[in-house]
Every structure is written in C-alpha cells, then in structure tokens.
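# Residue-level structure breakdown
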Amino acid sequence: MLDEDRVFVTYHSASVFSGDDLFEEDYDLEQAWTGQSNGLCGAAVEGLLLLNVGQHTGWVPFRVELHAGEPSVDDRWEDIVDVSFRPARDSVHLAGLDGEAYPLVLPRQDYRVRYLACGLDEAQAEDGRDAYLMQLWPAPPAADRIVRQTSEQAAYWHRSHRPPTPQEEAEENRQ
C-alpha cells in the first residue's frame, strides 16, 4: 500500500491520519492514547493513529499492507500491538511529524491494525536498526491489545501512555 519503503520520523513519532495535513485537521493528539493499554499505537481518536518508533530522527524502514482477513503473527517481529481504526475522511496519509506525507488508499470502513516493530532498543545506534510493518484488515472495532512485548522501549511506551496499575503505584510509593 505504500510506494516508499521508508518514512522520515522525528521525535520518535509517525502518524496515519485522515485528511491532507495532520496539523490542519482538528485532532486532539493527547487524546489518541486515552483508555488504551498499549503505548506504541494511539488509536483513541477516529481517523488518527499515533505511532511511536525507536529512532528519534531519521529514515526508518516502513511497510503498510492491506489484507482481506487477519494475518498470522510473524515471529520475526519483537513488539506487536493491535488497535482499531476507521478513516474519518476519504484521504488518508502516513507521515512523520516533519516529513513528507504518503497517501494510503483506504475505503472508509472499520479496520483492525496490527503495528509490528523490531529493533526498538537498538534504534539509537548511528545506523538505526529499527523497522516497522502495519497490517490492516476489515474488522469491527475492538479493544486494543499488546500481542507481544520484548523490548525495553516498548515497555517504556506502554507504561507512559496508560495510568499506573495498583501494583505499580504501590511500588512507586515505596521508593
């Protein structure tokens, strides 16, 4: 679905958004994580996906696939989350915060999105070793879920975008 095989990211971020310009749309970016358990793909705002990546700034390998049904989970990917997404407009794009926007052809319907990442912990190396895959398929809305989490970076993002559990609060209060 994506003509390019890489996307320029800044501030550890990329996005999929409905419309032609992320910043011209009326999205509440802070609300993208509301009520979610995962911290890699914020999907709580209709028409918007906020994506955390390992690399702060630079080009990252990125692939987008559209499937007829749910694809199998590929063991090569270290961190995987599933979210729901529905385009809010006919035009949908993938972009880094400061990079070029790439059009995605997505009919306006409900999708399940599997966001897969590898190399998050190694992403700060000079040559950057992180890579990303986004798989979409038609499906009714459902709660987000963490399918697999192996990296420290994914654990950090998961913790930072959700309220602390009672156990985490107790541990924090003891320190």
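Before reading further, recall that the structure is shown in the block above.
Okay, so let's go over this structure. (Residues numbered from 1 in each chain as written. Predicted model: local features only at pLDDT ≥ 70, side-chain atom pairs only at ≥ 80, totals over all residues. Heavy atoms only, no water.)

### Things to note about the overall build of the protein
Looking only at helices and strands, one finds two helices and 11 strands in the protein. The C-alpha radius of gyration computed for the protein amounts to 16 Å, which stays within 12% of the reference 16 Å derived for 175 residues, consistent with globular compactness. Dimensions along the principal axes, computed over C-alpha positions, put the protein at roughly 50 × 35 × 35 Å. Taking all 175 residues of the protein together, 49% fall into the buried category. In the protein, once contacts between residues fewer than 6 apart in sequence are set aside, the share between residues at least 24 apart is 75%. Total accessible area computed for the protein in this model is approximately 9100 Å², and 46% of it derives from carbon and sulfur atoms. Counting 14 positive and 33 negative side-chain charges, the protein places the averaged centre of each group 6 Å from the other. (Helix = DSSP H or I, 4+ residues; strand = E, 2+ residues; numbered from the N terminus. Rg over C-alpha atoms; globule rule 2.2 N^0.38 Å. Buried < 20%, exposed > 50% of the residue type's maximum accessible area, 1.4 Å probe, protein only. Contact = heavy atoms within 4.5 Å. Areas by Shrake-Rupley, 256 points an atom, 1.4 Å probe, with all protein chains shown as cover. Lys, Arg positive; Asp, Glu negative; His and termini not counted. Charge placed at Lys NZ, Arg CZ, Asp CG, Glu CD.)

### What to know about the side chain of E65
You can see E65 is positioned in strand β5 (residues 58–66). A polar contact of 2.8 Å, which involves the side chain of E65, links it to the side chain of R63. For E65, the side chain forms a polar contact with the side chain of H67, separated by 2.9 Å. (Polar contact = N/O pair within 3.5 Å; in protein donor to acceptor, adjacent residues only side chain to side chain.)

### What to know about the sheet that holds strand β7 (residues 92–96)
Pairing is antiparallel across the open sheet formed by five strands, whose spatial order is β3-β4-β2-β7-β8. Each edge of the sheet is formed by a strand with only one pairing partner; in this case those strands are β3 (41–42) and β8 (102–104). Bridge count for β3 against strand β4 (residues 48–52) is two bridges, and the pairing is antiparallel. Bridge pairing in β4 links C41 to L51. (Pairing = 2+ DSSP bridges.)

### Here's the deal with the side chain of D144
With respect to the element layout, D144 can be found in the loop between β10 (131–138) and β11 (145–148). Despite its burial, D144 pairs with no opposite charge; the closest candidate is R112, at 7.0 Å N-O. A polar atom in the side chain of D144 sits 2.9 Å from the side chain of N38. Ignoring any residue separated from it by four or fewer positions in sequence, one finds D144 in contact with G35, Q36, S37, N38, D82, V83 and R112. (Salt bridge = Lys/Arg side-chain N within 4 Å of Asp/Glu carboxyl O.)

### With respect to helix α1 (residues 152–160)
Those residues of α1 lying buried are A154, A155, W157 and H158. Considered in projection along α1, the buried side chains sweep an arc of 165° and stay on one side of the axis. Residues of α1 that are buried sit in contact with β4, β6 (79–85) and β11. (Arc of directions from axis to C-beta.)

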